[in-house]
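Descriptive structure summary
Residue-level listing of the chains:
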Amino acid sequence: MHALDNNLCKETPVIALTANALSGAKEMYLDIGFSDYLSKPFQPEKLEEMLLQYLPKEKVVAVDTSDLPKKKKRDKILDFADQGFPDVEGMDWKYAAIIQPNAESLIDTILMFTSMIKYDAQVLKQNYNILLEMLATNPSESEEVLEAWRQYRVKVHAMKTSAAMIGAVSLSSFARLLEDFSKNLIIEPIKVLTDIFLEEWLSYEERLSVFKVNEGNMEDKKKFSASDILDCLNPLDAAMEDMDIDTMDEIIKQIQCYEMPDNLKELTDQLASAVMNLDVEMEHEIVKKLREDLVK
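Every value quoted in this text rests on a predicted model; they were computed, and no experiment measured them.

**Focus on the packing of helix α10 (residues 262-276) against helix α11 (residues 280-295)**
Where α10 meets α11, the axes come as close as 9 Å, and the angle between the chain directions of the two elements is 155°. When the interaxial angle is binned, α10 and α11 end up roughly antiparallel. Considering only the axes of α10 and α11, their crossing is left-handed. Along its contact with α10, which presents Leu264, Leu267, Thr268, Gln270, Leu271, Ala274 and Val275, the element α11 presents Met282, Glu283, Ile286, Val287, Lys289, Leu290, Asp293 and Leu294. Counted by class, the contact of α10 with α11 contains ten nonpolar, two polar and three charged residues.

**Regarding the packing of helix α8 (residues 226-242) against α10**
Interaxial distance between α8 and α10 falls to 11 Å at its minimum, and their mutual angle equals 25°. In terms of orientation, α8 and α10 fall into the roughly parallel class. For the crossing formed where α8 meets α10, the hand is left-handed. For the pair formed by α8 and α10, the contact residues are Leu233, Leu236 and Met240 on the first element and Leu271, Ala274 and Val275 on the second.

**Thoughts on the environment of Thr161**
Within the secondary structure, Thr161 sits in helix α5 (residues 143-166). Classification of Thr161 as buried rests on a relative accessible area of 13%. Separated by 15 residues in the primary sequence, Thr161 and Arg176 place their C-alpha atoms 9.0 Å from one another.

**A short note on the pattern of salt bridges**
Overall, the coordinates contain eleven salt bridges when judged by the stated rule. One salt bridge connects Lys155 with Asp120, and the closest N-O pair in it is separated by 2.7 Å. With Lys155 in helix α5 and Asp120 in helix α4 (residues 103-137), this residue pair connects regions lying 35 residues apart in the sequence. In terms of burial, Lys155 and Asp120 fall into one category: buried. With a shortest N-O distance of 3.8 Å, Asp237 and Arg291 are connected by a salt bridge. Taken as a pair, Asp237 in helix α8 and Arg291 in helix α11 lie far apart in primary sequence, 54 residues in all. Given the relative accessible area of 16%, Asp237 is considered buried. Residues joined by salt bridges that share partners form a network here, namely Lys160, Glu179 and Lys183.

What counts, and at which threshold
Residues numbered from 1 in each chain as written. Predicted model: local features only at pLDDT ≥ 70, side-chain atom pairs only at ≥ 80, totals over all residues. Heavy atoms only, no water. Axes fitted to C-alpha atoms, helices over the stretch in contact; angles between N-to-C directions. Helix = DSSP H or I, 4+ residues; strand = E, 2+ residues; numbered from the N terminus. Parallel < 35°, antiparallel > 145°, perpendicular 65-115°, else oblique. Left-handed = near helix turned anticlockwise from the far one by under 90°. Contact = heavy atoms within 4.5 Å. Nonpolar A, V, L, I, M, F, W, Y, C, P; charged D, E, K, R; others polar. Buried < 20%, exposed > 50% of the residue type's maximum accessible area, 1.4 Å probe, protein only. Salt bridge = Lys/Arg side-chain N within 4 Å of Asp/Glu carboxyl O.

Written out as structure tokens, the structure is:
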């Protein structure tokens, strides 16, 4: 943004909002041009403080809080199990209510979590394999190896946070264990536990399927057309490169309108997850594979 000619927003502050709360993360974001950094999950008060810090003073209007209705304090911590949430192995609905006391918001977060389960597992598995390859061919303290450790640690940290946000406490604790080993560069327990963790992680797709939104009657879907799907892929690649989020979302919706053969459904689901996560490299990789299969 700063390098774009005639950009009217050159002086606009840009703040990184990220699950990367690792040591040195703030300095990294500032070094590459961000104005500031806020780690997730964030407290509303922290967000408000940052807005007040960066908004032009003339845009901020104070209000007399004495005229506002007082916030009612919760007499007790909610337990969504008491509100009809089903008994799901590994889920602590009371803990979930501490993090997110609105039932509708929690369900939205669970649906987002389940839509990303396979994608997140795939990325962590990739990072794990790269780490093993780097350790096998490079000195343990080389830049390449340390970067591979960082990539693994950042992903498992994000998965730890995602699990905690929905009340999957044991799953989050498992991820924290892997994060601690990766912080200390201890590879043996990671070799033993990563695949076990991924199996446990993926099991939550079935466990949480009770929350899955009805995808609609197959009769409402368009008949599968390989050529129509192929026509969507080049514009999707271009939209990803341009970070044109509206176009990306619209193309994914178009693809999801079609009946999809079983051998392609998993690929298109992975594609939607990569687009949702703004992962250009992963999107290009899936599009390449999808294009090959569609041509066949």
